Amino acid sequence: MKHNYRTRIRFISIVTMLFSLVLIGRLYSIQIVSGSEFTARAEHQYLNNDYSLYDRGTIYFTNKDGTLVPAATLKTGYTIAINPEQLTDATGTYEKLDALTPVDKNLFMASASKADDPYEEVAKQVDPAVAQKIQGLDITGLNTYRQQWRFYPGEEMAAHALGFVGYQGNDFGGRTGLERYYEDVLNRNASDSYVNFFAEIFSNIKDNIESNDAHEGDVITTIEPSVEAFLERELKNVNAMYHSQFTGGIIMNPQNGEIYAMAVDPTYDPNDVKDIKSPSILTDKLVEDVYEMGSIVKPLTMAAALDVGAVTPQTTYDDTGCIVVNSSRICNYDLRARGVIPMQQVLSQSLNVGAAWVEHQIGNQTFAKYMLSYGIGQKTGIDLPNEASGIVNNLTSPRDVEYATASFGQGIAMSPIETIRALAVLGNGGHLVTPHLAKAIKYENGVTKTLSYPTGPQVIKPETSKTITDMLINVFDIALANGKAKIPDMTVASKTGTAQIADPNGGGYEPNQYLHSFFGYFPATNPKFIIFLYTFKPQGVEYASETLTNSFLNLTHFLINYYEIPPDR
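Since the model is a prediction, treat every value here as computed from it, not as a measurement.

## Observations concerning the environment of proline 567
(1) Moving on: Tracing the chain through its elements places proline 567 in the segment after α21 (549-562).
(2) Moving on: The class of proline 567 is exposed, set by a relative accessible area of 52%.
(3) Moving on: For the pair proline 567 and proline 488, spaced 79 residues apart in the sequence, the C-alpha separation amounts to 8.9 Å.
(4) Moving on: When near neighbours in sequence (up to four residues on either side) are disregarded, proline 567 contacts Asp489 and Met490.

## A look at the state of the cysteines
In protein chemistry, a disulfide is the covalent bond that joins the sulfur atoms of two cysteines.
(1) Moving on: Counting across every chain of the model gives 1 disulfide.
(2) Moving on: Between the sulfur atoms of cysteine 322 and its disulfide partner cysteine 331 the distance amounts to 2.0 Å. Measuring handedness by torsion sign, the sulfur bridge of cysteine 322 and cysteine 331 sits at about 115° and is right-handed. The burial state of cysteine 322 is the same as that of cysteine 331; both residues are buried.

## As for the packing of helix α3 (residues 90-98) against helix α4 (residues 105-112)
(1) Moving on: Contact pair α3 / α4: the axes reach a minimum separation of 10 Å and the direction vectors enclose 145°. Considering how the two elements wind past one another, α3 and α4 form a crossing that is right-handed. On the side of α3, the interface is formed by Ala90, Thr91, Thr93, Tyr94 and Leu97, while α4 contributes Lys105, Phe108, Met109 and Ala112.
(2) Moving on: Taken together, the residues that form the contact of α3 with α4 break down as 6 nonpolar, 2 polar and 1 charged.

## Looking at the sheet that holds strand β16 (residues 493-502)
(1) Moving on: The 5 strands are arranged β9-β8-β18-β17-β16 in an open sheet whose pairing can be described as antiparallel. Of all strands in the sheet, those bounded by a partner on one side alone are β9 (259-265) and β16. Going across the sheet, the axis of each strand differs from the next one's by a mean of 10°, ignoring polarity.
(2) Moving on: Examined bridge by bridge, β16 and strand β17 (residues 509-522) share 9 bridges and lie antiparallel to one another. Counterpart to lysine 495 in the pairing with β17 is phenylalanine 519.
(3) Moving on: Where helix α18 (residues 416-427) meets the sheet, it contacts β8 (246-252), β9, β17 and β18 (529-536), and its direction lies at approximately 140° from that of β18.

## Points about unusual backbone geometry
A negative phi angle is the norm for most residues apart from glycine, just as the trans form is the norm for most peptide bonds.
(1) Moving on: Of the consecutive residues aspartate 265 and proline 266, the connecting peptide bond is found in the cis state with omega at 5°.
(2) Moving on: Going from phenylalanine 522 to proline 523, the amide bond is cis rather than trans, its omega being -20°.
(3) Moving on: By secondary structure assignment, the location of proline 523 is in the loop between β17 and β18.
(4) Moving on: Phi at serine 350 is positive, roughly 50°, even though this residue is not glycine.
(5) Moving on: The residue serine 350 is located in the loop between α14 (343-348) and α15 (352-362) in this model.
(6) Moving on: Its relative accessible area of 15% is what places serine 350 among the buried residues.
(7) Moving on: In this structure, glutamate 564 takes a positive phi of about 50° despite not being glycine.
(8) Moving on: Turning to its location among the elements, glutamate 564 is positioned in the segment after α21.

## Points about the pattern of salt bridges
(1) Moving on: Evaluated as defined, the whole model comprises 16 salt bridges.
(2) Moving on: As a salt-bridge pair, arginine 338 and aspartate 334 come within 2.8 Å of each other at their nearest N and O atoms.
(3) Moving on: According to the relative accessible area criterion, arginine 338 is buried, its value standing at 13%.
(4) Moving on: Residue class for aspartate 334 comes out partly exposed when judged on its relative accessible area of 30%.
(5) Moving on: Notably, a salt bridge pairs glutamate 510 with lysine 537, separated by 3.0 Å at the nearest N-O pair. Separated by 27 residues along the polypeptide, glutamate 510 in strand β17 and lysine 537 in the loop between β18 and α20 (544-547) bring together distant segments of the chain.

## A few points about the packing of aromatic side chains
(1) Moving on: One pass over the full model with this rule turns up 24 aromatic pairs.
(2) Moving on: Pairing tyrosine 94 with phenylalanine 108 gives two aromatic rings, centres 5.6 Å apart and planes at 50°, and the pair type is tilted. Remark: phenylalanine 108 occurs in helix α4 and tyrosine 94 occurs in helix α3; sequence separation between them is 14 residues. Phenylalanine 108 shares its class with tyrosine 94; the two are buried.
(3) Moving on: For the ring pair phenylalanine 164 and tyrosine 268, a centre distance of 6.3 Å and an interplane angle of 90° mean the geometry is edge-to-face. Taken as a pair, phenylalanine 164 in the loop between α6 (159-162) and β5 (165-168) and tyrosine 268 in the loop between β9 and α12 (285-288) lie far apart in primary sequence, 104 residues in all. There is no split in this pair, since phenylalanine 164 and tyrosine 268 are both buried.
(4) Moving on: These aromatic residues form a ring-pair network of at least three members: Phe230, Tyr260, Phe522, Phe529, Phe558, Tyr562 and Tyr563.
(5) Moving on: For the cation-ring pair, lysine 64 lies above tyrosine 562, with the distance from its terminal atom to the ring centre recorded as 4.2 Å.

## Side note on the confidence of the model for the chain
(1) Moving on: On average, residues of the chain carry a pLDDT of 90, and 87% of them reach 70 or more.
(2) Moving on: Counted against residues more than four places away or in other chains, residues 190-214, with its pLDDT under 50, gives 26 contacts.

## Examining the nonpolar core
(1) Moving on: Core analysis: the biggest nonpolar cluster contains 95 residues, and Met262, Met302, Tyr374 and Leu426 have the highest contact counts within it.
(2) Moving on: At 7 residues, the largest contribution of residues to this core is made by α18.
(3) Moving on: With 31 residues, the next largest nonpolar core counts Leu235, Val238, Tyr260 and Met490 among its residues.

Basis of the calculations
- For every chain, the first residue of its written sequence is number 1, and the numbers climb from 1 along that sequence.
- With pLDDT at 70 or above as the cut-off, local features in this predicted model cover only qualifying residues; side-chain atom pairs require 80 or more to be listed or tallied, and sums for whole chains, interfaces and linings still use all residues.
- Side-chain descriptors were evaluated using all non-hydrogen atoms of the structure, hydrogens and water having been removed beforehand.
- For helices the rule is a DSSP run of H or I covering at least 4 residues; for strands it is a run of E covering at least 2, with both sets numbered from the N terminus onward.
- Exposure classes here rest on a 1.4 Å probe applied to the protein chains alone. A residue is buried below 20% of its type maximum, exposed above 50%, and partly exposed in between.
- We call two residues in contact when some of their heavy atoms are within 4.5 Å.
- Throughout, a disulfide means two cysteine sulfur atoms within 2.5 Å of one another.
- Only the stretch in contact is used when fitting a helix axis, every axis being a line fitted to C-alpha atoms; angles between N-to-C directions are given from 0 to 180 degrees.
- Left-handed is the label given to a crossing in which the near helix is rotated counterclockwise from the far helix by less than a right angle, and right-handed is the label when the rotation is clockwise.
- Only Asp, Glu, Lys and Arg are considered charged, only Ala, Val, Leu, Ile, Met, Phe, Trp, Tyr, Cys and Pro nonpolar, and every remaining residue, Gly among them, polar.
- Two strands are counted as paired when DSSP detects at least two bridges linking them.
- For salt bridges, the criterion is a side-chain nitrogen of Lys or Arg within 4 Å of an Asp or Glu carboxyl oxygen.
- Think of it this way: a Phe, Tyr or Trp ring, Trp meaning its six-membered ring, pairs with another when their centres are within 6.5 Å, and the plane angle makes it stacked under 30 degrees, edge-to-face over 60, tilted otherwise.
- Throughout this description, the term charge over a ring refers to an Arg CZ or Lys NZ atom that lies within 6 Å of the ring centre and within 35 degrees of the ring normal.
- As a per-residue measure, pLDDT tells how confident the predictor is, with possible values from 0 to 100.
- Joining through side-chain atoms within 4.5 Å is the link that ties buried Ala, Val, Leu, Ile, Met, Phe, Trp, Tyr and Cys residues into a set, and such a set is a nonpolar core.

Below, the structure is given as structure tokens:
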């Protein structure tokens, strides 16, 4: 009997303690963690019971030292509203108000004329200091209400990656970029559970113990703001110099897929999306569009041939300048024959005939298998919305010519993010990675979860990766800019590409219009960075070695110095 009595006492004590912990936790959350927010909401309920204070999680950049920099956050200001029923001098009120903050006169007077409407907004996102002056006017019928809105401190910085928030019908939330992809994390539960706290506790004890709000939090990205800013300046310079339609770039860790920077120019300011005149500028061309990439595909072809043992760097062939495949003529860019030359020159001189010869040594089916194993034609899984898959129909063709043209990057199309993932295989020992922007989620309950991205399948052997890297180092040291680009104490592997642009109306390619591309990774012996650049329809210049070499070199030297990368030779 005494034993049962003690058991009941222990049980009651445990239940009481658990209940007390729940109460204490909720009180701490309301009074300490969210105290300022609830105070502000109470203020709104007192002044305008139809107004709710906007809330959303933060997106952070990460400095190289690990410190977090807000990239998408909340800004506090005031909404200015009038009560036409109480306003006695509309004209005088407008003049005093407009002297402090710009107000549309027509809107103000139209709002003031609605005598039966007690609440009309006339200005939003007013600075707190200005709002204080407006409050000092002490005009009956003129009111200020605290508000919060989404704010991007970097303005245009990483706009396509971050995205923006806005309405779609009646639904307000992330529309593009990380804002959309991580909507479930960033969106805050709008339920007013704090209104009747004790009712919530007693009716939802289990829900409070097993909270479903743990998914709400902040997103910590891999984007390094200084690297992002430098990349964006280079892209802007290329566009300005060559009058391209647009220029894009990605800087990624080829070992694990962490993206340090990605951008497209021209871009936009997500703080002012409503002023954008061309919605197409909102499209993230690095993820959502696909292009024929040209000669930067040749190293992928060569790596496949090396991997199956079809060629070695010393293998030679007779370059005739042009060949005919299935009645189609394939030529080197300058139509010139080179005679008997080794495989290195296929890459160093970027020879289409050489790439087609290498593909023929592999065989169509094996070549296609390798191209697909690089991830071409598949989504990479990057944490951004609307990712496109490459177009690889030609890799199932019964004709040889489609495989021959694919060997030098024509007739198949890939997104830039798909391209950099495939090229990373060449330098990282031969495996696929998952490109990504988010590295961790910092939940509202205080827990930070590091996101994991497992290593993908092995595509080429590690020794093949080393061999193709050595060949690409040779391209950078000797062929690029006639050897003037070489960095004496750092190995860099690189390749340029110039591709014809398919006619959107069908029937071949646009005359005298090209896509230029450039990729490289370093230190090539154990790469920490891979850079991919491309520019669409540059004017007055023919080859990527002219348009993108300087920007690639500027980025390479910046990264070496900024991250203090030690020499590797």
